[in-house]
Structures are given as C-alpha cells and as structure tokens.
Amino acid sequence: MKFDEIQLRLLDEIASLHEVPEGAYNIRSDSQAIGRRSTEHIVITPKKDVSGIDIEILPGTKNESVHIPVVLTKSGLKEVVYNDFYVGEGADVLIVAGCGIDNCGAADSEHDGVHRFFLKKGAKVRYVEKHYGSGSGKGKRILNPVTEAYLDEGAEMTMEMVQIKGVDDTERKTVASLKAGAKLVVRERLMTHDKQNAISTYEVVLDGEDSSADVVSRSVARDDSFQKFDAKIVGNAPCYGHTECDSIIMDRGRILAVPGLQANHVDAALMHEAAIGKIAGEQLVKLMTLGLTAEEAEEQIINGFLR
Amino acid sequence: MLELKNVSFIVPGDSGGKKEIVKDVSLVVEDGKLVVITGPNGGGKSTLAKLIMGVEKPTSGRIFFNGEDITDLSVTDRAKKGVSFAFQQPVKFKGLKVIDLLRIASGKHLSVGDACVYLSSVGLCARDYIDRELNSSLSGGELKRIEIAEILSRSTKLSIFDEPEAGIDLWSFNNLIKVFEDMRRNVRDGSIIIISHQERILNVADEIVVIGGGRVERKGSKEEILPTLLGSASVSNFCTGAGNKEGV
Ligand SMILES: Nc1ncnc2c1ncn2[C@@H]1O[C@H](COP(=O)(O)OP(=O)(O)OP(=O)(O)O)[C@@H](O)[C@H]1O
Ligand SMILES: [Mg+2]
C-alpha cells in the first residue's frame, strides 16, 4: 500500500502515522478501504448492507491496537460509515480512529462516522480520535461523529477526542450506558476558529451500582466560531458522575454550556462544573515578564490548555 | 544600573479623589548590589516592582536601565533587556508544566537535566516536579519556589523578587538565602532587588530601602538602616507576621 502526499499529511495529523501501523488496521481513503489487516486476536470484516466494518476483539486480547483512520481528499464527497467494535471479556486494547479531510474544491466534504462499542465484562478500551481539516477550497469540511458505548460489568473505556483545526461544522453525539462497576472517562479537546460551528452532546446513563463517568471538555473558541457543549448524565443507581466544561473564548467566539444532571437514585452523586472566560490577564503578563510577546504568550497558554 | 527618577503612580480614588500609591520615588540600584525593599503592608512595594517591570506604567517620572530610558517600553521589551520579576503571588496555568515555564523563562529548549539543576537549587526534588502542571495541585510554597527557579534560569542583569520567602518553610530558608548569594556571584554586574519583611534577608542586603505610604521613608546601607528597623515596633510586627503569609 502506498500513500500519496495528502494522505500522508492527513494520516500524520490524525494518527501520527507515517507508514502502515502495527497490529490490526483498516485505512479508508475517499470511500475505499485502501488497506486492511486482521490479526490473530482482532478480526476486521467489512459490513455487507452498509459501508463500514465489524471489529471483533477476542476475549483476553492484551496490549494490542487497532487503527482505523479515514481520510477524504476529494472535494464533494459525502459518506456515512458504520463501525462496530465487539470487545471480548477481559480484553485490553487501544483503538485509534480519526478523520482528516482535505478539501480544496468548492463542494462540501462530509464524513459521518457511527461508532458503536460493545464492551464485555472487564474489557478495557482506550479510544483515541482526532479530527482535522485542511485545504483552501470554499467547500466545507464537515464531520458528524456518533459514538455509542455499551459497557458491561466492570468494563472501562477512556475516550480522548481531539479536534484542533480546520473542521468547519461538527455535530458530535456520544451516548453511553454503564453496568455495575463500569467506568467511562471522556477527555475532549476542541478548538474552533473562523466561522466554525461545533456541537457536542453527551448522554451517559449510569445504570449499575458503582458505575462512574467523568466527562471533561476543554475548548477554545476564537474568531467568529461557536460551540455548544451539552453534557447530560443520568444516575439510576448508586454511582458517580462528573461533567466539566472549561473554555476560553477569544475574539468574537461564543460558547454555550448546557449542564444536565438527572439523579433517579438517592445515592447517585452527580456534579457539573463549567467555566467560560477569556485568557486571564495575569497569565499573559506573567509570560511577557519572561520575554514572550503578547501573541506568543497567548499561543503558549492555549497550547498548554488544549494539551 | 537601575534608576528611578521621581516616579509616581496615582489612580482615581473613591468619591472622585486621587489615590497616590507610589509618590515621587527616586532610587538608584547599582550594578552588583543587592537591595532589599521593606516596609508596612500596603506601602506600595509590589506596585513599585510592577512599575520597574512595566506591568504598571508610572503616571509621572522616568525609569532608566543601564542608562536607557525604559519608561515607555513594554513588559516584553524590558524582559528582553534583562529585567526579571518573581511575582508575590505566582500565576497558575492549566496545562502548562513546570518544564514549559522553565523553557520559556530560559529562552531555550532546556534539557530535563538542566531544568532539574534550577529546581534543585530551590530545594525541590526535581524529577517529581518537572512534569507537574502549574495549577492548584501545587502548594503555595512549591509555586513560590518554582517562580524563583524561573528567575534563576533567566540570569538577567536585574532580578526582582517579591517576598520570595512567603510560604517557604524554615528548613529551606537558609538555602534560599544561599540562592541569592550564589546569584550575586554568578551574574556579573547583576543586581538584585528583594522585597521582604524578613530580618535574615535584610541581613544579606547591601542597601535597604524602606517604603511606606508610597514614599521612600529611609534608605541607606544595611548598617545604617537595619538598626533603625529592628528598634521600631511596627517592623517587629510584620517580621513575625511574615511566616504565616503562605499564598497571600
Ligand atoms: N491598580 C491599583 N488600583 C488601585 N489600588 C491599587 C492598585 N495597585 C495597588 N493598589 C493599592 O495600593 C496599595 C499598595 O499596594 P502594594 O501591593 O504595592 O503594597 P505592598 O507594599 O506590596 O504590600 P504587602 O507588603 O502587603 O505586599 C494597596 O492599598 C493596594 O490596594
Ligand atoms: Mg506586596
């Protein structure tokens, strides 16, 4: 399999890939699978009815990874892709997804990935997803990911979702439901610029005793961009839920944070925190006393914040 | 050499009046000298330091650094010309790590090893701290020490420390004094201004300046000024109080 220059650049941005990754992978470019590999413990099969793949991770699989990057390099492409992950009991794996769109043309390019995760008892997944857009065309770069996670007893999932540059419109929807002792950790990093729009909605249902969810979003809205962070946690059992939205606004950026907590059990402990504001003046001054210009100081503060 | 000529900082006060925070301060800090500024709380010491760094602009008067009028220069330009300032209350950052700040301060891509040297000299077990975020998870005393390490890594011609001892435990205090003494040796012709209420810091001064009510009340050699301070009740008051000022 050979990558062209744009593919390489996008793959580097979204998955730090410079070549074919180790372990299982499925690389999709402009609606075609350009490479696929299953391993002894991780089996990837294409879906028959719709576009997408089934990824089956056998019970007990440890220290293995699956890469499923997607790149779009042609203007005007629109696709919906369904990927289902079946993670067997006691497995512990890394899943790296991500989508990069390069749009130099006039038509909008759009990738809507629907990812479903079925984690069996005690399974552990670290899921890393990066979104990136580039290209100077008038056509928009649009990403509407849907993520569903179903965690069986004692399963743990960490999601790191990053979108730093170039995606014009994004509407992210994440739903999860957790059984006893299951644990979900979400770390979202988002930066919007120019006239971009980003909406991120979560609905996490804590069904089992001692299940927990920690959903934290750090974001920066600059120029004329808009973000909406809508995080809802429902506690149906003795459980612990925490959501946090920590945002910096710059220029004419706008952010709406909508907290949502619903406790249906007296021992559900749910908490929401939200803070939106511009960069603290004293932080800028401090870095300037170390010799940075105001612009350099701003950049350092934001890079650190979104790390 | 730093020279302040008739520097004042006046802000609009309540009921239309004026509040004179720094009044007509003239001061010279010679190369190679360690000057300690002391005086009562609210006397205008930190404000004076901010005026020197450029964080505040004087409403009148001029500031000269190595013969150049820097009154109209930005904070950044002054920093580049060799002025450093350790804040009384260290600023916190979400996401930025101790190593990041040391790299920014030193202006180069410090190796972890080099960064550790600065942290060790302020008594921090370096490897435990280098990757810590500069946020509220650090204690007041730890933040203070990291702040001092940043200034050390800059090794500029003029370093200003605003109550460096606040929140620092007794054990580290001797080391801190040693840090300042080393700095004097290591930066050629460098001068140091320390704002402090601590007798032991006053003791290592070449000169002492007493600021009260925004004015220079007294200044002179340590030998001249120190006895007058220790004799007065107000000073012994704020000396004993300083140990409890963690994180103020
Ligand atoms: N920009 C400002 N506007 C209004 N008042 C100010 C301003 N800056 C400082 N002040 C006031 O000026 C006075 C002097 O403050 P400053 O922080 O310089 O005192 P200090 O001598 O450093 O005191 P401490 O020993 O407690 O640190 C205080 O009353 C403070 O509230
Ligand atoms: Mg002060």
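First things first, this report covers the structure right here in the doc. (Residues numbered from 1 in each chain as written. Chains lettered and ligands numbered in written order. Predicted model: local features only at pLDDT ≥ 70, side-chain atom pairs only at ≥ 80, totals over all residues. Heavy atoms only, no water.)

All names here are of chain B. The protein atoms donating to the magnesium ion (ligand 2) are Ser-46 (OG) and Gln-88 (OE1), with metal-donor distances spanning 2.0 to 2.2 Å. Here Gln-88 lies in the loop between strand 6 (83-86) and helix 3 (98-106) and Ser-46 lies in helix 1 (residues 45-53), a separation of 42 residues in the sequence. The exposure class assigned to Ser-46 is buried, which follows from its relative accessible area of 17%. (Donors = N, O, S within 2.8 Å, 3.2 Å for Na, K, Ca; no water. Helix = DSSP H or I, 4+ residues; strand = E, 2+ residues; numbered from the N terminus. Buried < 20%, exposed > 50% of the residue type's maximum accessible area, 1.4 Å probe, protein only.)

Right, let's get into the interface of chain B and chain A. Frequently, the measure chosen for interface size is the accessible area removed from exposure when the parts meet. Taken together, the contact between chain B and chain A spans 24 residues of the former and 18 residues of the latter. Carbon and sulfur atoms supply 62% of the area that chain B and chain A bury against each other, a total of about 1,800 Å² over both sides. Along the contact surface separating chain B from chain A lie four salt bridges. Glu-147 of chain B is paired through a salt bridge with Lys-286 of chain A; the nearest N and O atoms lie 3.1 Å apart. Applying the counting criterion to the chain B and chain A interface returns eight residue pairs in polar contact (both at pLDDT 80 or more). (Contact = heavy atoms within 4.5 Å. Buried area = accessible area lost by both parts, 1.4 Å probe. Salt bridge = Lys/Arg side-chain N within 4 Å of Asp/Glu carboxyl O. Polar contact = N/O pair within 3.5 Å; in protein donor to acceptor, adjacent residues only side chain to side chain.)

The next subject is the site of ligand 1. Residue and element names in this part refer to chain B. In the vicinity of ligand 1, 15 residues are found, and the nearest of them are Asn-41, Gly-42, Lys-45, Ser-46 and Thr-47. In this structure, an oxygen atom belonging to ligand 1 sits 2.8 Å away from a main-chain N or O atom of Gly-42. Counting residues per element, the ones that place at least two in the shell around ligand 1 are strand 2 (18-29) and helix 1. Tallying contributions element by element places helix 1 first for the shell around ligand 1, with three residues. (Near = heavy atom within 4 Å.)

Glancing now at the pairing of strand 2 (residues 32-37) of chain A. The two faces of a sheet get side chains in turn, since along a regular strand they alternate between them. All names here are of chain A. As paired elements, strand 1 (residues 24-29) and strand 2 share five bridges and run antiparallel to each other. By the bridge assignment for strand 2, Ile-27 is matched with Gly-35. Adjacent in sequence and paired antiparallel, strand 1 and strand 2 are bridged by two residues, among which Asp-30 carries a positive phi angle near 45 degrees. (Pairing = 2+ DSSP bridges.)

Another aspect to go through is unusual backbone geometry. All names here are of chain A. Non-glycine residue Asp-194 carries a positive phi angle of around 50 degrees. Along the chain, Asp-194 falls in the loop between strand 15 (183-192) and strand 16 (197-206). Taking the relative accessible area as the measure of exposure, Asp-194 reaches 44% and is therefore partly exposed. The backbone of Asp-210 shows a phi angle near 60 degrees, a positive value even though the residue is not glycine.

A separate point is the packing of aromatic side chains. Residue and element names in this part refer to chain A. For the structure shown, the criterion picks out seven aromatic pairs over all chains. Taking the centre distance of 5.4 Å and the plane angle of 15 degrees together, the rings of Phe-118 and Tyr-150 count as stacked. Pair noted here: Phe-118 is in strand 9 (residues 109-119) and Tyr-150 is in strand 12 (residues 146-151), with a separation of 32 residues, a long-range link. Given a relative accessible area of 22%, Phe-118 falls into the partly exposed group. (Phe/Tyr/Trp six-rings, centres within 6.5 Å; stacked < 30°, edge-to-face > 60°.)

A word on the packing of helix 4 (residues 112-121) of chain B against helix 6 (residues 140-154) of chain B. Residues and elements named next belong to chain B. Contact geometry of helix 4 with helix 6 gives a least axis separation of 8 Å together with a crossing angle of 125 degrees. Looking at the two axes, helix 4 sits oblique to helix 6. In this structure, helix 4 meets helix 6 at a crossing whose hand is right-handed. Of the residues in helix 6, those in contact with Tyr-118, Leu-119 and Ser-121 of helix 4 are Ile-146, Ala-149, Leu-152 and Ser-153. Class assignment for the residues of the contact of helix 4 with helix 6 results in five nonpolar, two polar and no charged. (Axes fitted to C-alpha atoms, helices over the stretch in contact; angles between N-to-C directions. Parallel < 35°, antiparallel > 145°, perpendicular 65-115°, else oblique. Left-handed = near helix turned anticlockwise from the far one by under 90°. Nonpolar A, V, L, I, M, F, W, Y, C, P; charged D, E, K, R; others polar.)

Residue and element names in this part refer to chain B. Strands sit in the order 2-1-4-5 across an open sheet of four strands; the sheet is antiparallel. The sheet is open, and its two borders are formed by strand 2 and strand 5 (68-69), each paired with just one other strand. Across five bridges, strand 1 (residues 2-12) lies against strand 4 (residues 60-65) in antiparallel orientation. Residue pairing across strands places Glu-3 opposite Phe-64, the latter belonging to strand 4.

Counting 91 residues, the largest nonpolar core has Leu-287 of chain A together with Leu-2, Leu-4, Leu-119 and Phe-161 of chain B as its most contacted members. Aside from chain neighbours lying at most four places away, what touches Leu-4 of chain B is Val-25, Ser-26, Leu-27, Leu-48, Ile-52, Arg-62 and Ile-63 of chain B. Grouped together as the second largest cluster of nonpolar side chains are 41 residues, Ile-68, Val-87, Phe-117 and Ala-182 of chain A included. (Core = buried A, V, L, I, M, F, W, Y, C linked by side-chain atoms within 4.5 Å.)

Residues and elements named next belong to chain B. Here helix 6 spans 22 Å end to end across 15 residues, near enough to the 21 Å set by a 1.5 Å rise per residue. Across the 15 residues of helix 6, 14 count as buried, placing the element largely inside the fold. Positive backbone phi, at 35 degrees, marks Ser-155, one or two positions downstream of helix 6. (Expected span 1.5 Å × (residues − 1).)

All names here are of chain B. Residue placement: Tyr-129 occurs in helix 5 (residues 126-129). With ten residues separating them along the chain, Tyr-129 and Leu-119 place their C-alpha atoms 8.2 Å apart. Dropping the residues within four chain positions of it, Tyr-129 is found in contact with Val-98, Leu-119, Leu-124, Leu-138 and Glu-142. Polar side-chain contacts of Tyr-129 include one of 2.5 Å to the side chain of Glu-142.

Looking now at the sheet that holds strand 9 (residues 207-212) of chain B. All names here are of chain B. Spatial ordering of the open sheet is given by 6-7-8-3-9-10, a layout of six strands whose pairing is mixed. Every interior strand has two partners, whereas the edge strands, strand 6 and strand 10 (215-221), have only one. On average, each strand axis in the sheet is tilted by 15 degrees relative to the strand beside it, whichever way the strands run. One ladder, built from four bridges, connects strand 3 (residues 34-38) with strand 8 (residues 191-195); its direction is parallel. Paired with Ile-37 across the two strands is Ile-195, which belongs to strand 8. Sheet contacts for helix 6: strand 6 and strand 7 (158-162); angle to strand 6, the most-contacted strand, approximately 170 degrees.

Below, the discussion takes up the pairing of strand 7 of chain B. Residue and element names in this part refer to chain B. Counting buried residues in strand 7 gives five out of five residues, a clear majority hidden from the surface. Burial of strand 7 is two-sided: the residues Leu-158, Ile-160 and Asp-162 facing one way and the residues Ser-159 and Phe-161 facing the other way are all buried. In terms of strand pairing, strand 6 meets strand 7 through four bridges, oriented parallel. The partner of Phe-85 across the bridge, within strand 7, is Ile-160. The sheet contact formed by strand 7 and strand 8 spans five bridges and is parallel. Note on strand 8: the bridge partner recorded for Leu-158 is Ser-191.

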